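Residue-level structural notes
If you want the building blocks of each chain, they are given just below.
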Amino acid sequence: MKTKTILPPGITATTLMSIFSYMVSSSKDRNFKEPKLLAEMVEQFLPDKNKKMAAPTGWVMHYTMGCLMTFVFQEVWKKTNTKPSFVQGVVSGLVGGVTGILIWKATFKIHPNPPQIPFKRYYGHLLLAHLVFGISAALTSKSQAPFRSKKLSSCQTANRYR
């Protein structure tokens, strides 16, 4: 699959998921912001002179994972001959959410000093955030090369119904 097929849906879905996470964080007065949590964990491993790189690194990690997850979704859709749709987005979001929760749990477990957040609430939030991600990735992927509907000429349409 080509980069131009993955990047628009990956960036769109990750951005919408991030907006969702920032809105929830603000309304609940909690840090459920994936890039900021990643930055907090990365910052502890950086030398003092490079601490300012933690925030951009968190964002790069977040968008990289979003594009990687989009790539996986698109490959599954392609191999199963499935067109991305709202329903496929929900299914992919649920699978991505459970996968994301497992990855975050493992990350928090192995990190020497993980952020102090209410983990169970965060995992619930992650599931919802990945629903936003999955639906966005599916609906944006619909317009990408291997998934977009091909318009038929009038001859092709006539031949199709013979």
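**A word on a nonpolar patch on the surface**
Together, M65, L68, F71, V72, V76 and I103 make up a nonpolar patch on the protein surface, roughly 480 Å² of accessible area in all. Sort the elements by how many residues they give to the nonpolar patch and helix 3 (residues 54-79) lands first, with five residues. With respect to the helices, strands and loops of the structure, I103 is situated in helix 4 (residues 86-110).

**Concerning the nonpolar core**
Residues V24, F32, L37, L38, M41, I101, W104, F108, I117, Y122, Y123 and L126 constitute the largest nonpolar core, which totals 12 residues. Of all the elements in the fold, those that place two or more residues in this core are helix 2 (34-43), helix 4 and helix 5 (119-141). If we skip the residues at most four places from it in the chain, L38 touches G58, M61, H62 and W104.

**A few points about the packing of aromatic side chains**
For the coordinates displayed, the defined rule picks out 12 aromatic pairs. Ring centres 6.0 Å apart and planes at 25 degrees place the aromatic pair Y22 and W59 in the stacked group. Here Y22 is found in helix 1 (residues 3-28), whereas its partner W59 is found in helix 3, with 37 residues between them in sequence. Judged by its relative accessible area of 30%, W59 is partly exposed. Here the aromatic cluster, defined as three or more aromatic residues joined through ring pairs, consists of F32, W104, F108, F119, Y122 and Y123.

**Thoughts on the packing of helix 3 against helix 4**
Two elements in contact, helix 3 and helix 4, have axes separated by 11 Å at closest approach and are oriented at 135 degrees. Judged by the inter-axis angle, helix 3 sits oblique to helix 4. Seen from above, helix 3 lies across helix 4 with right-handed handedness. Every residue of helix 4 that contacts helix 3 at M65, M69, F73 and W77 is listed here: Q88, S92, G93, G96 and I103. A breakdown of the residues in the contact of helix 3 with helix 4 according to their chemical character gives five nonpolar, four polar and no charged.

Definitions and cut-offs
- Residues numbered from 1 in each chain as written.
- Predicted model: local features only at pLDDT ≥ 70, side-chain atom pairs only at ≥ 80, totals over all residues.
- Heavy atoms only, no water.
- Patch = residues over 30% accessible without salt bridge, like charges linked within 9 Å, V, L, I, M, F, W, Y side chains within 5 Å.
- Areas by Shrake-Rupley, 256 points an atom, 1.4 Å probe, with all protein chains shown as cover.
- Salt bridge = Lys/Arg side-chain N within 4 Å of Asp/Glu carboxyl O.
- Helix = DSSP H or I, 4+ residues; strand = E, 2+ residues; numbered from the N terminus.
- Core = buried A, V, L, I, M, F, W, Y, C linked by side-chain atoms within 4.5 Å.
- Buried < 20%, exposed > 50% of the residue type's maximum accessible area, 1.4 Å probe, protein only.
- Contact = heavy atoms within 4.5 Å.
- Phe/Tyr/Trp six-rings, centres within 6.5 Å; stacked < 30°, edge-to-face > 60°.
- Axes fitted to C-alpha atoms, helices over the stretch in contact; angles between N-to-C directions.
- Parallel < 35°, antiparallel > 145°, perpendicular 65-115°, else oblique.
- Left-handed = near helix turned anticlockwise from the far one by under 90°.
- Nonpolar A, V, L, I, M, F, W, Y, C, P; charged D, E, K, R; others polar.

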